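What the coordinates show
What follows is each chain in one-letter form.
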Amino acid sequence: MEKILDIQDLHVSFQTYGGEVQAIRGVNLELYKGETLAIVGESGCGKSVTANSIMKLIPSPAGKIKQGSIAFKGKDLTKMSDKAIRKVRGIDISMIFQDPMTALNPTLTIGDQLTEGVRQHRRVSSAEANKQAIEMLKLVGIPNPDERMKQYPHQFSGGMRQRIVIAMALICEPELLIADEPTTALDVTIQAQILQLFQRIQRETGVSIILITHDLGVVAKVADRVSVMYAGKVVETGTRRDIFHRPSHPYTQGLLHSVPRLDQKGEKLIPIDGTPPDLFSPPEGCPFTARCPHAMEVCSRIYPFHSELSETHAVDCWLQDERAKKYMASPS
Ligand code: SF4
């Protein structure tokens, strides 16, 4: 399969009055053409910062990509000028944000907002832009698209507004769509419809999708592969089956034990005690040590090596690495 995105050793920090927050600390991610990669983890683990780094939307000067590369179809986005990256945004890579209301301008009609991007990036006539906008509204399931083009965002329900935001993101036919918590603000029925819409659009257009979410139910429905993030690092990556049937990092196991699952009726839910580490001064060793029921002496001192469990499944945890014994401190 063709790799369209390759993130290597990405480090992103933010300068604050309290010091430097090391939000991303050596993230590696790959995305293949036509697949959906879900990035999951608690709030503050670095999911959205990773997504914003791909779009070069890290607020400067406070935020900075300090190290690493983000290769999109072989070109390193971190090295591109602002002018060059503006051409990539919207045409090659599009992003859908969490709250559809903040993504839409309440003073412009849906038609104006949909055609703006396509006219700017594709330089087509108004008639052609209108035609493409109507086609896109049909694709995302908006009834009477000709009439709806003349209406304003407040005349649509929350689910409809999210469909319009998806249409806006897709109108220039991007190869990569990043959806940051796209269903969080929606009720479960509409959420299911939007997830089905993503799957249909992917089948019809072949777009690759990065889905940022904290919701494992969403992941179970649509992801091909999953990367689990914790404290600014990817701690486990695998296919959906690897992650749900053979979770190997204690944090992934904790996440799965803390949400209800239809395939495991009667099981008690177990929350993950404690809180993530302070990213002003992250620990040298495994950042999950203080919360991990299996933590060993080596865990707090040395960050675990990357262990490949299979062709598709990899984890950063000493439990999966025979070298753990070798790195244990000798008794004094
Ligand atoms: Fe737990 Fe150690 Fe594995 Fe970290 S490396 S998850 S502390 S066992």
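Scroll up a little and you will see the structure.
Residues numbered from 1 in each chain as written. Predicted model: local features only at pLDDT ≥ 70, side-chain atom pairs only at ≥ 80, totals over all residues. Heavy atoms only, no water.

So, about the site of the ligand. Around the ligand, 13 residues are found, and the nearest of them are Cys-286, Cys-292, Cys-299, Cys-317 and Trp-318. For the shell around the ligand, the class distribution of residues is 10 nonpolar, three polar and no charged. (Near = heavy atom within 4 Å. Nonpolar A, V, L, I, M, F, W, Y, C, P; charged D, E, K, R; others polar.)

Attention now goes to the side chain of Arg-25. One can find Arg-25 in strand E2 (residues 19-32). Within polar-contact distance, the side chain of Arg-25 engages the backbone oxygen of Ala-231 at 3.0 Å. Residues in contact with Arg-25, not counting those within four places in the same chain, are Leu-10, His-11, Ala-231, Gly-232, Lys-233, Leu-279, Pro-282, Pro-283 and Pro-287. (Helix = DSSP H or I, 4+ residues; strand = E, 2+ residues; numbered from the N terminus. Polar contact = N/O pair within 3.5 Å; in protein donor to acceptor, adjacent residues only side chain to side chain. Contact = heavy atoms within 4.5 Å.)

A word on the sheet that holds strand E5 (residues 75-76). Read from one edge to the other, the open sheet built from four strands follows the order E2-E1-E4-E5, with strand pairing classed as antiparallel. Each edge of the open sheet is held by one strand with a lone partner, namely E2 and E5. As defined by bridge partners, strand E4 (residues 63-72) adjoins E5 across two bridges and the pair is classed as antiparallel. Bridged to Ala-71 within E5 is Asp-76. In the packing of helix H1 (residues 47-54) onto the sheet, contacts are made with strand E1 (3-16), E2 and E4, and the angle to E1 comes to roughly 115°. (Pairing = 2+ DSSP bridges. Axes fitted to C-alpha atoms, helices over the stretch in contact; angles between N-to-C directions.)

Each regular strand carries side chains that alternate between the two faces of the sheet. For strand E7 (residues 176-180), the tally of buried residues reaches five of five residues, placing the bulk of the element in the interior. Neither face of E7 is exposed, since Leu-176, Ile-178 and Asp-180 on one face and Leu-177 and Ala-179 on the opposite face are all buried. Strand direction decides the pairing type here: strand E6 (residues 93-96) and E7, joined by four bridges, are parallel. Within E7, the position partnered with Ile-96 by the bridge is Ala-179. In terms of strand pairing, E7 meets strand E8 (residues 208-213) through five bridges, oriented parallel. Across the sheet, Leu-176 pairs through a bridge with Ser-208, a residue of E8. Handedness of the crossover joining E7 and E8 through helix H8 (residues 188-205) is recorded here as right-handed. (Buried < 20%, exposed > 50% of the residue type's maximum accessible area, 1.4 Å probe, protein only. Right-handed = clockwise from strand over helix to strand, strands pointing away.)

Here the focus is the sheet that holds strand E3 (residues 36-40). Hydrogen bonds between backbone groups are what pair the strands of a sheet, and the pairing can be parallel or antiparallel. One open sheet accounts for eight strands, arranged E6-E7-E8-E3-E9-E10-E12-E11; its pairing is mixed. Whereas interior strands pair on both sides, the edge strands pair on one side only; in this sheet they are E6 and strand E11 (306-308). Direction aside, neighbouring strands of the sheet carry axes that sit 20° apart on average. Helix H7 (residues 158-170) contacts E6 and E7 of the sheet and is inclined by roughly 170° relative to E6. Against the sheet, helix H11 (residues 250-257) contacts strand E9 (225-230) and strand E10 (233-239), and its axis sits at roughly 105° relative to E9.

Next up on the list: the packing of aromatic side chains. Under the criterion given, the structure shown has six aromatic pairs. Both rings, one in Tyr-230 and one in Tyr-251, keep their centres 4.6 Å apart while their planes meet at 50°; by these two values the pair is tilted. Separated by 21 residues along the polypeptide, Tyr-230 in strand E9 and Tyr-251 in helix H11 bring together distant segments of the chain. An angle of 40° between the planes, with centres 5.5 Å apart, marks the rings of Trp-318 and Tyr-327 as tilted. Judged by relative accessible area, Trp-318 falls into the buried class, the value being 2%. Taken together, the ring pairs connect Tyr-230, Tyr-251 and Phe-288 into an aromatic cluster. If you follow Lys-233 out to its NZ or CZ, it ends over the ring of Tyr-303, 4.3 Å from the centre. (Phe/Tyr/Trp six-rings, centres within 6.5 Å; stacked < 30°, edge-to-face > 60°. Lys NZ or Arg CZ within 6 Å of the ring centre and 35° of its normal.)

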